[in-house]
Amino acid sequence: MADTVLYEVHDGLATITLNRPEAMNALNIATKVALREAVEAAAGDDAVRAVLLTAAGERAFCVGQDLKEHIGLLAEGSGQVMSTVKEHYNPVVKALTGMAKPVVAGVNGVAAGAGLGFALAADFRVVADTASFNTSFAGVALTADSGISWTLPRVVGPGRAADLLLFPRSISAQDAYELGIANRIVPAAALASEAAKVARALAEGPTVAYAAIKEAVAYGFSHTLAETLEKEDELQTRAGASEDHGIAVRAFVNKETPKYLGR
């Protein structure tokens, strides 16, 4: 993995850190490859029970595509110019949304373009009060990628999503909270510790139940009520058979704090 993305696992929590603060964590090819590898590693590791996706520096979470590299590839006529959506962005978003464990985004600064897409692909967003969000795509004559055409309308509604995509602009942390993009706003100096606290709590929770919740919510958006009720039955049967469910019930009856195993 390139040093533009840091990856570490401690006590069930995988922390993935975009590490190009000097470039506002812009996504050049090396960074995109490393990010894809890190996210897929976390998704496939049974020892990982939650993921924290964050970034180094104070200015930016991720400003999306590295346009300095991009303009060079355009000038060369490189076939890599637009293949990055299929090769990099799509696998990252699929892994974030599809992994059977919760993902927290710790948004420390600007999240634009694919940076916004990756934040929206997380299940929970802890946001610094100095952070901002921007779709950016139309500003460089491009359409949405990194899953934004799927995630953004589900978070803010189709009308507001169209507005934000057609008229890209900087959205403050407070406005993002009111739109539902930010789940929690914290002082910038506390972002790292607060995001880690949220992610750590999830890493210590009932992982099977969390996975079922993610699957149920995603399923319900594109299926009928009758189909969703059947899915809920299937997922509840799975969660009810987990060791953690038994632990939780016994702890409740005994008025104790449950200590989950993640299975």
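The model shown is predicted, which means the values in this text are computed figures rather than measured ones.

Undergrad: I'd like a rundown of unusual backbone geometry, residues and numbers included.
TA: Despite not being glycine, Ala-141 has its phi angle at roughly 60°, a positive value. Relative to the helices and strands, Ala-141 resides in the loop between strand 8 (132-134) and helix 5 (148-156). Although it is not a glycine, Ser-146 sits at a positive phi angle of roughly 55°. Tracing the chain through its elements places Ser-146 in the loop between strand 8 and helix 5.

Undergrad: Could you give me a rundown of the nonpolar core, with the residues and numbers involved?
TA: Core analysis: the biggest nonpolar cluster contains 61 residues, and Ile-16, Leu-35, Leu-96, Val-107, Phe-118, Phe-133 and Ile-181 have the highest contact counts within it. Sequence-distant contacts of Ile-16, defined by excluding residues within four places in its chain, comprise Val-5, Leu-6, Tyr-7, Leu-35, Ala-38, Val-39, Ala-42, Val-51, Leu-52, Leu-53 and Thr-54.

Undergrad: Can you break down the sheet that holds strand 4 (residues 60-62) residue by residue, with the values?
TA: With mixed pairing, the four strands of this open sheet are ordered in space as 4-6-8-9. Each having just a single partner strand, strand 4 and strand 9 (171-172) make up the two edges of the open sheet. The pairing of strand 4 with strand 6 (residues 110-112) spans two bridges and is parallel. Looking across to strand 6, one finds that Ala-60 is bridged to Val-110. Set on the sheet, helix 4 (residues 114-121) makes contact with strand 4, strand 6 and strand 8; between it and strand 6 the angle comes to about 95°.

Undergrad: Mind laying out the environment of Leu-225, listing which residues take part and the relevant values?
TA: If you trace the backbone, Leu-225 turns up in helix 10 (residues 225-240). Classification of Leu-225 as exposed rests on a relative accessible area of 63%. Put simply, Leu-225 and Ile-71 are 154 residues apart on the chain and 47 Å apart in space, counted from C-alpha to C-alpha.

Undergrad: Give me the lowdown on the sheet that holds strand 7 (residues 124-128), citing residues and values where you can.
TA: The strand order 1-2-3-5-7-10 describes an open sheet built from six strands, whose pairing is mixed. Looking at strand neighbours, the two that pair on one side only are strand 1 (5-10) and strand 10 (184-186), the edges of this open sheet. Taken pair by pair, the neighbouring strands of this sheet meet at an average axis angle of 20°, ignoring direction. Where strand 1 lies against strand 2 (residues 13-18), six bridges are found, and the strand directions are antiparallel. Residue pairing for strand 2: Glu-8 is matched across the bridge by Thr-15.

Undergrad: Give me the lowdown on the packing of aromatic side chains, citing residues and values where you can.
TA: Under the definition given, this model contains one aromatic pair. Ring centres 5.9 Å apart and planes at 75° place the aromatic pair Tyr-89 and Phe-118 in the edge-to-face group. Here Phe-118 lies in helix 4 and Tyr-89 lies in helix 3 (residues 80-98), a separation of 29 residues in the sequence. Both residues of the pair, Tyr-89 and Phe-118, count as buried. Between Lys-231 and the ring centre of Tyr-219, over which it is positioned, the NZ or CZ distance is 5.0 Å.

Undergrad: Tell me about the pairing of strand 7, and please be specific about residues and values.
TA: Moving residue by residue along a regular strand, the side chains alternate between the two faces of the sheet. With four of five residues buried, strand 7 lies mostly within the body of the structure. For strand 5 (residues 103-107) and strand 7, the ladder comprises four bridges, and the chain directions are parallel. Residue Ala-105 lies in a different strand from strand 7, and its bridge partner there is Arg-125. Two strands pair when backbone bridges link them, and strand 7 and strand 10 are joined in this way by three bridges, in the parallel orientation. In the sheet register, Ala-128 faces strand 10, and the bridge partner there is Val-186.

Undergrad: Report on the layout of surface pockets, specifying residues and quantitative values.
TA: Within this model, the largest pocket holds a volume of roughly 480 Å³. Contributions of two or more residues to the lining of the largest pocket are made by helix 4, strand 7, helix 5 and helix 9 (207-220). Of the residues belonging to the lining of the largest pocket, the class tally is 13 nonpolar, two polar and four charged. In this structure, the second largest pocket occupies an estimated 270 Å³ of space. A total of five residues in the lining of the second largest pocket trace back to one element, the largest contributor, which is helix 3.

About the criteria used
- Residues numbered from 1 in each chain as written.
- Predicted model: local features only at pLDDT ≥ 70, side-chain atom pairs only at ≥ 80, totals over all residues.
- Heavy atoms only, no water.
- Helix = DSSP H or I, 4+ residues; strand = E, 2+ residues; numbered from the N terminus.
- Core = buried A, V, L, I, M, F, W, Y, C linked by side-chain atoms within 4.5 Å.
- Buried < 20%, exposed > 50% of the residue type's maximum accessible area, 1.4 Å probe, protein only.
- Contact = heavy atoms within 4.5 Å.
- Pairing = 2+ DSSP bridges.
- Axes fitted to C-alpha atoms, helices over the stretch in contact; angles between N-to-C directions.
- Phe/Tyr/Trp six-rings, centres within 6.5 Å; stacked < 30°, edge-to-face > 60°.
- Lys NZ or Arg CZ within 6 Å of the ring centre and 35° of its normal.
- 1 Å grid on protein atoms, 1.4 Å probe; cavity = no way out; pocket = protein on both sides within 12 Å on 5 of 7 lines; lining within 4 Å.
- Points joined across faces, edges and corners; volume = space filled by probe spheres on them.
- Nonpolar A, V, L, I, M, F, W, Y, C, P; charged D, E, K, R; others polar.

Function-wise, these values are silent; they only describe arrangement.
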